[in-house]
Amino acid sequence: MSGPDTPTRAEICAVACAEAWRGDGEILASPIGLIPTVGARLARATFAPQLMLTDGEAALGVGTWALGDPPGATEGWLPFRQIFELVWSGHRHVMMGPSQIDRYGNVNISAVGDFHRPKVALLGVRGAPGNTVSHPCSYWVPRHSRRVFVDRVDLVCGVGYDRAAAAGPQVTRHHQLRRVVSNLGVFDFPGPEHRMRLVSVHPGVSVEQVREATGFELRVDADVPTTRLPTPQELRLIRTVIDPHDQRYAEVPR
């Protein structure tokens, strides 16, 4: 059954993204994308009040504000040079959007195909290497498919667990891939092998659907739960405070 109080897939994804920042304390949350931004603001408004959030430029915002609007007030100034201090000290948790990701969390955001003659040129490596070796990282994939969840990424931009281990302690000491959220489910990298595991499937999605849409063998436990639903308070915040204009459906349609 569906109705005005029934959470949509986009809202379930936003709550799953919010959960990535649970327990982080006073660090800078850097969400990239609409659903991650809804998630980060939701986390700060509910169970993670110590999170720091920017206006997308250089001001630290106070309270909870809507997508597309400036914060009602600011509590600090965060110029570009200070971002690096937060990055290098591990006091940041970014949620990025990979173009490709493999079973160990290696991520490509630069080019699809041969690097010297790519089929598609993307963003470039940008800050992905430094992010992944300096502080916690999570990932958001709005369209889960074998084109994104690949056996081997064409170019390593964000460092996965296998390459971090091969690089040694200087890389592994701060390397932490917290969570992957897609429009089908939630994933992590537990245990000594750090191979991607299916943590939960969203309501209406089967484990077999996730397997079919993934280009490598996932770790799947005997019992895979359903991703938790938003609480009434979380739904109210998403719909009336954080995203009153329904921008979240641009990434995950109704």
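Provided above is the structure to which this section pertains.
Residues numbered from 1 in each chain as written. Predicted model: local features only at pLDDT ≥ 70, side-chain atom pairs only at ≥ 80, totals over all residues. Heavy atoms only, no water.

A. Expanded view of the overall build of the protein. In terms of helices and strands, the protein carries eight helices and 12 strands. The C-alpha atoms of the protein give 18 Å as radius of gyration, which agrees with the globular expectation for 254 residues (18 Å, within 12%). For the protein, restricting intrachain contacts to residue pairs at least 6 apart in sequence, the fraction spanning at least 24 positions comes to 66%. Of the roughly 12400 Å² of accessible surface on the protein, 52% is carried by carbon and sulfur atoms. A gap of 2 Å separates the mean positions of the 27 positive and 26 negative side-chain charges of the protein. (Helix = DSSP H or I, 4+ residues; strand = E, 2+ residues; numbered from the N terminus. Rg over C-alpha atoms; globule rule 2.2 N^0.38 Å. Contact = heavy atoms within 4.5 Å. Areas by Shrake-Rupley, 256 points an atom, 1.4 Å probe, with all protein chains shown as cover. Lys, Arg positive; Asp, Glu negative; His and termini not counted. Charge placed at Lys NZ, Arg CZ, Asp CG, Glu CD.)

B. Geometry of the environment of Phe115. For Phe115, the position within the fold is in the loop between strand S7 (111-112) and strand S8 (120-121). When the C-alpha positions of Phe115 and Cys157 are compared, they lie 12 Å apart, and in sequence the two are 42 residues distant. With near-sequence residues (within four places) excluded, Phe115 lies in contact with Ser110 and Leu155.

C. Representation of the pattern of salt bridges in the model. Enumeration according to the criterion identifies 14 salt bridges in this entry. In this structure, Glu19 and Arg22 form a salt bridge, with 2.6 Å as the shortest nitrogen-oxygen distance. With its nearest N and O atoms 3.3 Å apart, the salt bridge here joins Asp246 to Arg248. With relative accessibility at 31%, the residue Asp246 sits in the partly exposed group. One connected set of salt bridges, linked through shared partners, spans Glu11, Arg239, Asp243, Asp246, Arg248 and Arg254. (Salt bridge = Lys/Arg side-chain N within 4 Å of Asp/Glu carboxyl O. Buried < 20%, exposed > 50% of the residue type's maximum accessible area, 1.4 Å probe, protein only.)

D. Region of the structure containing the nonpolar core. Trp21, Ile35, Leu42, Leu51 and Trp140 are the most contacted members of the largest nonpolar core, which totals 30 residues. If you list the elements that add at least two residues to this core, you get helix H1 (9-19), helix H2 (34-45) and helix H8 (232-242). By residue number, the principal contributor to this core is H1, which donates seven residues. Setting aside chain neighbours within four positions, we find Ile35 in contact with Ala10, Cys13, Ala14, Cys17, Trp140, Arg248, Glu251 and Val252. Ile101, Tyr139, Val205 and Phe216 belong to the second largest nonpolar core, which has 26 residues in total. (Core = buried A, V, L, I, M, F, W, Y, C linked by side-chain atoms within 4.5 Å.)

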